[in-house]
Every structure is written in structure tokens, then in C-alpha cells.
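Working through the structure, step by step
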Amino acid sequence: MDKTKRKAIIAGNWKMNKTPSEAKALLTDIIPAVKDADCEVIACVPYVDLSVALEVTKGTNVKIGAENCHWAESGAFTGEISTGMLKEMGVEYVVLGHSERRQYFGETDETVNKRTKAALAAGLKPIVCVGELLWERECDITEEVIARQIKLDLFDVCAEDVKKTVIAYEPVWAIGTGKTATAEQAEEVCAFIRATLAKLYSEEVAQAVTIQYGGSMNNSNADELLSKTNVDGGLIGGASLVAEKFAAIVKAASK
Ligand code: PGA
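Calculation notes
- Residues numbered from 1 in each chain as written.
- Predicted model: local features only at pLDDT ≥ 70, side-chain atom pairs only at ≥ 80, totals over all residues.
- Heavy atoms only, no water.
- Helix = DSSP H or I, 4+ residues; strand = E, 2+ residues; numbered from the N terminus.
- Buried < 20%, exposed > 50% of the residue type's maximum accessible area, 1.4 Å probe, protein only.
- Lys, Arg positive; Asp, Glu negative; His and termini not counted.
- Salt bridge = Lys/Arg side-chain N within 4 Å of Asp/Glu carboxyl O.
- Contact = heavy atoms within 4.5 Å.
- Near = heavy atom within 4 Å.
- Polar contact = N/O pair within 3.5 Å; in protein donor to acceptor, adjacent residues only side chain to side chain.
- Areas by Shrake-Rupley, 256 points an atom, 1.4 Å probe, with all protein chains shown as cover.
- Nonpolar A, V, L, I, M, F, W, Y, C, P; charged D, E, K, R; others polar.
- Pairing = 2+ DSSP bridges.
- Right-handed = clockwise from strand over helix to strand, strands pointing away.
- Expected span 1.5 Å × (residues − 1).
- Arc of directions from axis to C-beta.
- Core = buried A, V, L, I, M, F, W, Y, C linked by side-chain atoms within 4.5 Å.
- Axes fitted to C-alpha atoms, helices over the stretch in contact; angles between N-to-C directions.

The next subject is the side chain of glutamate 187. Within the element layout of this structure, glutamate 187 appears in helix H9 (residues 183-200). No salt bridge is formed by the buried glutamate 187; its nearest oppositely charged neighbour, lysine 228, is found at 6.7 Å. What glutamate 187 contacts, discounting residues up to four positions off in sequence, is Lys228, Thr229, Asn230 and Val231.

This is how it looks when you write it as C-alpha cells:
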């Protein structure tokens with residue numbers, strides 16, 4: 001993390017967990033535990049929890065994000081949620097292109113790109129997830145995979161908008177498996193992402209972008225991962241559902 005250059009961000013990704021009343025209870029525990037954070041703190045929650053989450057976090061330093069959005073303004077897309085709907089509620093961030101959406105719901109780089117552009121146009125800050133499969137790492141094509149995702153997911157996104165975009169590097173083999181990338185592996189790919197951004201945009205733009213690591217990040221490994229120059233924060237799944245664990249990661253990012 002290099003806080004002199006960019007914002008450190010710890011974001012919880014709750015996935016399909018917590019009903020509205022459970023969300024209220026968890027946030028009520030999280031809020032006092034992270035109130036002195038010296039980093040941005042976000043909870044990305046299921047759509048049905050957004051309303052209560054925004055209400056409970058009002059006036060606190062905890063920001064709220066959604067876990068997806070559609071690219072169209074409105075229309076015949078049963079079951080989808082538009083950026084305008086999220087924006088009107090007061091949502092600030094949106095997770096896009098998570099590997100679970102790519103794996104289980106047919107998400108492609110093309111649709112991630114459309115969602116990213118729509119989110120930015122609406123004034124939402126996207127957290128765009130990229131990451132290689134285990135098989136791709138074993139075939140030694142991690143960099144090709146990541147470069148392809150970055151180029152496609154950010155296609156036609158201007159420099160000013162990229163600066164508002166958070167990139168989450170999430171090696172698919174490390175998500176929910178308890179298998180964390182080593183701090184060196186995380187740093188290597190996060191630095192590669194920054195170098196790719198520098199090539200596509202400029203060094204100045206690349207240095208401004210927050211790049212998170214995600215994949216079994218927890219209270220025990222956060223310190224080491226966040227000590228790396230290019231790891232500017234974390235996207236936290238499992239550990240974000242336990243207030244003390246999430247608060248400990250926020251504390252590690254506040255050093
Ligand atoms: P995990 O999930 O922390 O449970 O591995 C991370 C993520 O999917 O964002």
C-alpha cells in the first residue's frame with residue numbers, strides 16, 4: 001500500500017449472505033469497530049439489504065456498494081437492477097465482473113465492460129474484478145489472462161474514469177478456498193496490473209488507481225498482503241461477515 005499516492009480501500013463482498021435484519025445487526029457491530037479507520041471502508045451487500053444498510057450507515061465512515069448492476073437505463077430485463085436505481089438510493093460503489101458471476105452467470109468481459117461504463121456514467125464507482133483460474137496459472141499464462149481482462153473490461157473507458165475505478169485482483173483459486181496467494185504473488189500481479197494501466201493510459205493514471213487483492217484475505221494475512229507497495233486494499237468475502245475479523249483487516253489497512 002502506498003497511501004501517499006492513492007486511497008487504501010477495504011471492501012466487504014457479502015455475496016448472497018444476510019437478510020435485511022441480519023445485515024442491520026452486522027453493520028451495527030461493524031460501524032463502531034471501524035470508526036477510526038484511516039482507509040475507505042465499504043460494505044457491498046445484496047440488493048435487498050441496500051436500503052437498511054444505507055440507513056444504518058448514514059453519517060458514519062462506512063460506504064455502501066452493490067454487487068452488480070445492469071448496463072441499460074431501464075427496460076425489459078426481468079430480475080435486473082439499473083445504475084439509476086442504485087444511484088438514487090445513495091449507493092456509491094458496485095462490484096462488477098466477480099469471478100462467481102463469470103463462472104455461474106455467464107458474465108463475459110464484454111458485459112463487464114458495458115456494466116463498467118454504465119456505472120461510471122451514472123456516477124457509481126466500479127470495483128472491477130479480474131483474476132486467473134488455477135489452470136491458467138499452472139499453464140503460466142496469468143499475465144496474458146490479466147492483461148486481456150484489463151484491456152477488455154476497461155475498453156473505451158477514459159483516463160479520468162479509470163482513476164475512479166477500483167481494480168480487484170482476485171485469483172479464482174484463492175476465493176473462498178482458504179488458499180491465499182502469497183504476498184509476493186499478490187504484489188507481482190497487482191504491479192503487473194499497474195504496469196498494464198500505465199501502458200494503456202499513463203504512469204500518472206496508473207499510480208492513481210486503487211488495486212485491491214481479494215481471495216481468502218483475513219485478519220491473519222492482511223498485514224503482510226497490505227505491506228506490499230501495489231496492494232492498496234482488499235475485497236473481502238468470508239471474513240467480511242464477521243465484524244471483528246473485518247475490523248481487524250480495516251485496522252491493518254489503517255497503519
Ligand atoms: P473470500 O472471497 O474472501 O471469501 O475468498 C473474496 C471475494 O470473492 O471477493
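On we go from here.
The local shell around the ligand holds 13 residues, among which Lys15, His98, Glu170, Gly176 and Ser216 are the closest. Contact distances for the ligand include 3.4 Å between an oxygen atom and a side-chain N or O atom of asparagine 13. Here an oxygen atom of the ligand sits 2.6 Å away from a polar atom, N or O, in the side chain of histidine 98. Here the ligand has 280 Å² of accessible area as a free molecule, and 95% of this is covered by the chains. Class assignment of the residues belonging to the shell around the ligand gives a composition of four nonpolar, seven polar and two charged.

What follows concerns unusual backbone geometry. The bulk of non-glycine residues show a negative phi, and the bulk of peptide bonds are trans. Even without being a glycine, lysine 15 presents a positive backbone phi close to 60 degrees. Along the chain, lysine 15 falls in the loop between strand E1 (9-13) and helix H1 (20-33). Residue class for lysine 15 comes out partly exposed when judged on its relative accessible area of 22%. Phi at aspartate 140 takes a positive value of approximately 60 degrees, unusual for a residue other than glycine. Relative to the helices and strands, aspartate 140 is located in the loop between helix H6 (134-138) and helix H7 (142-153). Relative accessible area serves as the criterion here: at 65%, aspartate 140 is assigned to the exposed category.

Of all five residues that make up strand E3 (residues 62-66), four are buried, and the element is covered over most of its length. Direction of pairing for strand E2 (residues 40-44) relative to E3: parallel, over a ladder of four bridges. When the bridges of E3 are listed, cysteine 44 appears paired with glycine 65. In terms of handedness, the path from E2 via helix H2 (residues 50-57) over to E3 forms a crossover that is right-handed. Relative to strand E4 (residues 93-96), E3 is paired through two bridges, and the arrangement is parallel. Across the sheet, alanine 66 pairs through a bridge with valine 94, a residue of E4. Of the crossover connections in this fold, the one passing from E3 over helix H3 (residues 83-89) to the parallel E4 is right-handed.

On to the pattern of salt bridges, then. This structure, assessed with the given rule, holds 22 salt bridges. With a shortest N-O distance of 3.7 Å, arginine 148 and aspartate 109 are connected by a salt bridge. Placement of arginine 148 in helix H7 and of aspartate 109 in helix H5 (residues 109-122) is noted, with a sequence separation of 39 residues between them. Under the relative-accessibility criterion, arginine 148 is labelled exposed at 53%. Glutamate 132 is the partner of arginine 137 in a salt bridge, and the nearest nitrogen-oxygen pair spans 2.8 Å. Classification of glutamate 132 by relative accessible area gives buried; the value is 0%. In this structure, a network of salt bridges that share partners links the residues Glu80, Arg101, Glu107 and Arg115.

A separate point is H1. Its 14 residues place the ends of H1 20 Å apart at the C-alpha level, agreeing with the 20 Å of an ideal helix rising 1.5 Å per residue. Ala23, Leu26, Leu27, Ile30 and Ile31 are the residues of H1 that are buried. The arc enclosing the buried residues of H1, seen along the axis, measures out at 135 degrees, which places them on a common side.

All right, on to the nonpolar core then. Within the largest apolar cluster, 69 residues are counted, with the highest numbers of intra-cluster contacts made by Ile10, Ile193, Tyr213 and Leu226. Sorting elements by how many residues they give to this core places H9 first, with eight residues. Ile9, Cys44, Val166 and Leu235 belong to the second-largest nonpolar core, a separate cluster that totals eleven residues.

Here we take up the sheet that holds strand E6 (residues 166-169). Overall, parallel pairing links the eight strands, which are arranged E1-E2-E3-E4-E5-E6-E7-E8 in a closed barrel. Adjacent strand axes in the sheet meet at a mean angle of 25 degrees, parallel and antiparallel pairs treated alike.

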